[in-house]
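Now for the letters of each chain:
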Amino acid sequence: MKKLLTLVLALALVLGLAANASALTVAFSQIGQESDWRTANTDNVCAAIEAEGWTLVYDDGQQKQENQIKALRNFITQGVDYILFTGVVSTGWEEVLAEVNEAEIPLLLLDRIPDCADQIDYVAAFGGDFVEEGRRMARWTGEYLKSIGRGEEEVNVVMLEGTTGADAQIGRSEGILEALPEYPNLKLVAQQSGNFTRAEGQAVMESFLKSIDKIDVLLAQNDDMALGAIDAIKAAGLVPGKDIIIVGCDSVKTAFDAIVAGEMNATIECTPLYADFVIPTIKALEEGQTFDKTVIHPEEGVYDCVGGINCGTVVSTLAADVIDQRVY
Ligand code: GZL
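Structural notes, computed from the coordinates. The numbers attached to residues start from 1 for each chain and follow its sequence in the written order. Side-chain atom pairs in this predicted model are given and counted only at pLDDT of 80 or more, local residue features only at pLDDT of at least 70, and totals for whole chains, interfaces and linings cover all residues. Water and hydrogen atoms play no part in the side-chain values, which are based on all heavy atoms of the structure.

This next bit is on the overall build of the chain. From N to C terminus, the chain includes 11 helices and 12 strands. Working rule for contacts: check all heavy atoms of both residues, and any pair within 4.5 Å makes them a contact. If you take every contact in the chain between residues at least 6 apart in sequence, the share linking residues at least 24 apart comes to 72%. To measure how exposed things are, a 1.4 Å probe is used in the Shrake-Rupley method; for residues, cover is taken only from the protein chains shown. Accessible surface, the chain as shown: approximately 14,200 Å² in total, 54% of it carbon and sulfur. The secondary structure listing takes helices from DSSP runs of H or I that are at least 4 residues long and strands from runs of E that are at least 2 residues long, numbered from the N terminus.

Positionally, K253 belongs in helix 9 (residues 253-260). Assessed through its relative accessible area of 43%, K253 is described here as partly exposed. Sequence-wise, K253 and D36 are 217 residues apart; in three dimensions their C-alpha atoms are separated by 8.5 Å. If sequence neighbours within four positions are ignored, K253 has contacts with R326 and Y328. The cut-offs for exposure are 20% and 50% of the maximum accessible area for each residue type, with area from a 1.4 Å probe on protein chains only; residues under the lower value are buried, those over the upper are exposed, and the others partly exposed.

Okay, the state of the cysteines next. The disulfide definition used here is simple: a pair of cysteine sulfur atoms within 2.5 Å. For the coordinates displayed, the defined rule picks out 0 disulfides. Of all cysteine sulfurs in the structure, the one in C249 sits closest to C270, which takes part in no disulfide; the separation is 5.7 Å. Its relative accessible area of 2% is what places C270 among the buried residues.

Moving on, we get to the nonpolar core. The tendency in soluble globular proteins is for nonpolar side chains to be buried as a group. Definition of nonpolar core: a set of buried residues of the types Ala, Val, Leu, Ile, Met, Phe, Trp, Tyr and Cys, connected through side-chain atoms within 4.5 Å. Ranked by internal contacts, the top residues of the largest apolar core, which has 53 residues, are L84, M205, F208, L218 and I282. Top contributing element to this core by residue count: helix 8 (residues 223-235), with 7 residues. Not counting chain neighbours up to four residues away, the residues in contact with F208 comprise V158, M159, L160, A190, Q191, Q192 and I215. Counting 25 residues, the second-largest nonpolar core is a separate cluster that includes I83, I105, L107 and Y122.

A few words on helix 7 (residues 198-211). Expected helix span is computed as 1.5 Å times (number of residues minus one). Between the first and last C-alpha of helix 7 there are 20 Å, a value that for 14 residues agrees with the 20 Å anticipated at 1.5 Å per step. Listed in full, the buried residues belonging to helix 7 are G201, V204, M205, F208 and L209. In a view along the axis of helix 7, the buried residues occupy a sector of 145°, so they form one face of it. In helix 7, those exposed residues whose orientation departs by more than 90 degrees from the buried face are A199, K210 and S211. In this fold, the buried residues of helix 7 make contact with strand 6 (155-161), strand 7 (186-193), strand 8 (217-220) and helix 8. Within this analysis, the arc is defined by the directions that extend from the helix axis to the C-beta atoms.

On to unusual backbone geometry. Backbone geometry at E104 places phi at a positive 55°, although glycine is not the residue there. Given the relative accessible area of 71%, E104 is considered exposed. Non-glycine residue S251 carries a positive phi angle of around 60°.

Right, let's get into the site of the ligand. Here, proximity means that at least one heavy atom of the residue falls within 4 Å of the molecule or strand. The immediate surroundings of the ligand are formed by 13 residues, with E34, D111, R112, R172 and D250 found nearest. At 2.5 Å, a side-chain N or O of D111 approaches an oxygen atom of the ligand. Here a polar contact is recorded for every N or O atom pair within 3.5 Å, except that within protein the pair must consist of a potential hydrogen donor and a potential acceptor, and residues adjacent in sequence are included only if both atoms are side-chain atoms. Here R172 contributes a side-chain N or O atom positioned 2.7 Å from an oxygen atom of the ligand. Here the ligand, which alone exposes 320 Å², has 100% of that area covered by the protein. Within the residue set of the shell around the ligand, elements represented by two or more residues are helix 2 (36-51) and helix 6 (167-179). Put simply, Ala, Val, Leu, Ile, Met, Phe, Trp, Tyr, Cys and Pro go in the nonpolar bin, Asp, Glu, Lys and Arg in the charged bin, and everything else, Gly too, in the polar bin. In the shell around the ligand, the residues fall into 5 nonpolar, 2 polar and 6 charged.

Here the focus is the packing of aromatic side chains. By convention, a stacked pair of Phe, Tyr or Trp rings (six-membered ring in the case of Trp) has centres within 6.5 Å and planes under 30 degrees apart, an edge-to-face pair has planes over 60 apart, and any other such pair is tilted. As enumerated under the stated definition, the model contains 6 aromatic pairs in all. Aromatic pair F85 and W93: ring centres 4.7 Å apart, planes at 75°, arrangement edge-to-face. Considered together, F85 and W93 belong to a single accessibility category, that of buried residues. Each member of the aromatic cluster is reached from another via a ring pair, and the members are W37, F126, Y274 and F277.

These results come straight from atomic positions and should not be treated as a statement about function.
Listed below in structure tokens is the structure:
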């Protein structure tokens, strides 16, 4: 009899937890729709939340901090169970995230980590290693130039930076500026924000082309700005990928298409597929597990025109399996 009672109680507990988890309301304050990466990140996380049968409360901040602050306060008023947050910039979140903490709503930081992270409570954080991504952009370029016999030639480099004040921009700029001196022939002659968008990347590259006599390399802190710059380079009568070597970041599908077409030379991976981190984490939290405050970096690689990680002989297409596995 006692065993039966224990079994019934255990079953009730499991069913209760399952029922509780299925009734969850998960809110997501997302930056906006500035890039293919962002769209893929939004689609991946939101679809996974709804696939669990949880209620999604989604807000598109349209790349404006004031919109995101308003959304976070609305989530608090609605009394949601979890808040997912990606801040458009790194600063200015102290007050509203303290309000989230006061409301005792578990907070998960996705992609961008606010400067005030060590002053607030959050249950988990997942983000790219932006400094390493910047180093990889610079190092791939230096190695590629050596591989095509231009390791000694002085080349002029321009850089398109992401949204000013975003930790992705700050980190990638730091990584690029740290690694460039490893290749004394690479001379950074201009840098300007293209705000992570294709249109602004094109506009800034047009201005670079008008004001700088000789541009040999473009380092674009995301693929959308690189693709906008390619349009500007073509309009100026130059051949992208050859007259100007182009390295992006994100590894989105449109960048792979440009590499296969020979118009772009490399992109550094920064996966947007966060659902595989977010969903299991929420389930574990529902079962009482806790996590420390370490930011988890998804695995990242370098995809270039030689197929995979190698900086060797240039071929016209990426390895077929790398292209096939692209889902964003
Ligand atoms: C990177 C992410 C950046 C992407 C851009 O993790 O924060 O923001 O590189 C996006 O495409 O706008």
